[in-house]
Amino acid sequence: MAKLSYLASASETRKVLERHGRGTKYSLGQNFLVNDSIIQKIVALADVNEDDVILEIGPGVGTLTVALLQCAQGVTSIELDPDLPEILAETTATWADRFALIENDALAVQEADVVAALDRIEATLTRTRPNKLVANLPYQVAATVVLDYFQRFPWLESMTVMVQKEVADRMMAQQGVKDYGAFTVKLGMYARPAGRFPVGPNNFFPPPRVDSAVIRLDRSSFVDSTGAPITDEEIEAACLMAEAAFVTRRKTLANSCKTYFAGRGAAGKAFVPQLPALFEAAGIDSRRRGETLTRAEFVALGHAYLSLAAQ
Ligand code: SAM
């Protein structure tokens, strides 16, 4: 198969950086992809096609971006490093009419920034918002960004992201294993894993000290027993109960939740005596530990929390 990204080699990446007098920045998680077959696998797993408008976080010198531009109708990428826009203007020049860069911290980007970027794209797009996120994420913020974007951007139908292997493990963990925690439960309120493959350090320049994995997550609303999607308020309450249950994960639910609410100001302290009623209303034994609970049980705890807090 022909190469998807002409930048996908250590020599080409080095050349581009040197031409602009730049190096890689460890503090920004700059480990650039240098293996085209990994890029092809990412594009295939994300199922990128000409119907898609892609949101990318951290384009770097554009290695994955140019591959996405060849497969999708448009791409907008968010990059924090102020040294990279000049490089990206050069490396993506062939597809300039279908590309827009957002120069900002991914965690600060708002929907309006994304819409404005797509407005700047000259080619006619059939979508006003991206439907897929595809990225080799900066590992420092990867877990936060994935959850944050599923929460804030309902138009994102799927995310296919390169993350540290351990983060992928937490994203996919099943109840009862050590990787299953508050993050797994919260992410599970928005998405389901739909595929994964491992990526070793030698596929990057410079190689990171950790193993990586690409994981695809498809948006999937949590439904109640009647099949209706649960509300944002119910999701928030279930997420709050997940935090409470895992704040001291080796303790029972009763003790962990007590510690959690006692540390949440006067209102939290006032709620502590209601905890036995909360477990009773949810039908959950408070001697269990958080990692044994299913997502549906966290939703039940959330419901009980909302009705007791409203009294
Ligand atoms: N996509 C390129 C590739 O695959 O070769 C580069 C990926 S590199 C792992 C991560 C990129 O994210 C870097 O370009 C880095 O500057 C950028 N970055 C780091 N923190 C960021 C943040 N908070 N918001 C947006 N971009 C960020």
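Rules behind the numbers
- Residues numbered from 1 in each chain as written.
- Predicted model: local features only at pLDDT ≥ 70, side-chain atom pairs only at ≥ 80, totals over all residues.
- Heavy atoms only, no water.
- Pairing = 2+ DSSP bridges.
- Helix = DSSP H or I, 4+ residues; strand = E, 2+ residues; numbered from the N terminus.
- Axes fitted to C-alpha atoms, helices over the stretch in contact; angles between N-to-C directions.
- Contact = heavy atoms within 4.5 Å.
- Buried < 20%, exposed > 50% of the residue type's maximum accessible area, 1.4 Å probe, protein only.
- Core = buried A, V, L, I, M, F, W, Y, C linked by side-chain atoms within 4.5 Å.

Caption draft 1: Focus on the sheet that holds strand E6 (residues 158-164). Strand order in the open sheet formed by seven strands is E4-E3-E2-E5-E6-E9-E7, and the pairing between neighbours is mixed. Each end of this open sheet is capped by a strand with a single partner; those strands are strand E4 (99-103) and strand E7 (191-199). Mean inter-strand twist for the sheet, computed between neighbouring axes without regard to direction, equals 20°. The pairing of strand E3 (residues 74-79) with E4 spans five bridges and is parallel. Bridge assignment links Val 75 to a residue of E4, and that residue is Phe 99. Where helix H2 (residues 36-46) meets the sheet, it contacts strand E5 (132-136), E6, E7 and strand E9 (212-219), and its direction lies at approximately 165° from that of E7. Against the sheet, helix H6 (residues 142-152) contacts strand E2 (53-57), E3, E5, E6, E7 and E9, and its axis sits at roughly 170° relative to E6.

Caption draft 2: Unusual backbone geometry, seen in detail. Backbone torsion omega between Phe 205 and Pro 206 reads -10°, so that peptide bond is classified as cis. Although it is not a glycine, Asp 47 adopts a positive phi angle of roughly 55°. Mapped onto the elements of the fold, Asp 47 is located in the loop between H2 and E2. Residue classification places Asp 47 among the partly exposed residues on the basis of a relative accessible area of 44%.

Caption draft 3: Molecular detail of the nonpolar core. Ranked by internal contacts, the top residues of the largest apolar core, which has 74 residues, are Tyr 149, Met 189, Met 241, Phe 261 and Phe 298. Looking at which element gives the most residues to this core, the answer is helix H9 (residues 232-246), with 10 residues. The contact partners of Met 189, leaving out residues within four places of it in the chain, are Ser 220, Phe 222, Ile 230, Ile 235, Ala 238, Cys 239, Arg 295 and Val 299. Counting residues in each nonpolar core, the second largest holds 39 residues, with Phe 32, Val 48, Ala 67 and Phe 205 among its members.

Caption draft 4: View of the pairing of E5. Burial within E5 is extensive, with five of its five residues counted as buried. Alternating residues of E5 divide into Lys 132, Val 134 and Asn 136 and Leu 133 and Ala 135, and every residue in both groups is buried. With two bridges joining them, E2 and E5 adopt parallel strand pairing. The partner of Ile 54 across the bridge, within E5, is Lys 132. As paired elements, E5 and E6 share five bridges and run parallel to each other. Looking at E6, one finds that Lys 132 is bridged to Ser 158.

These results come straight from atomic positions and should not be treated as a statement about function.
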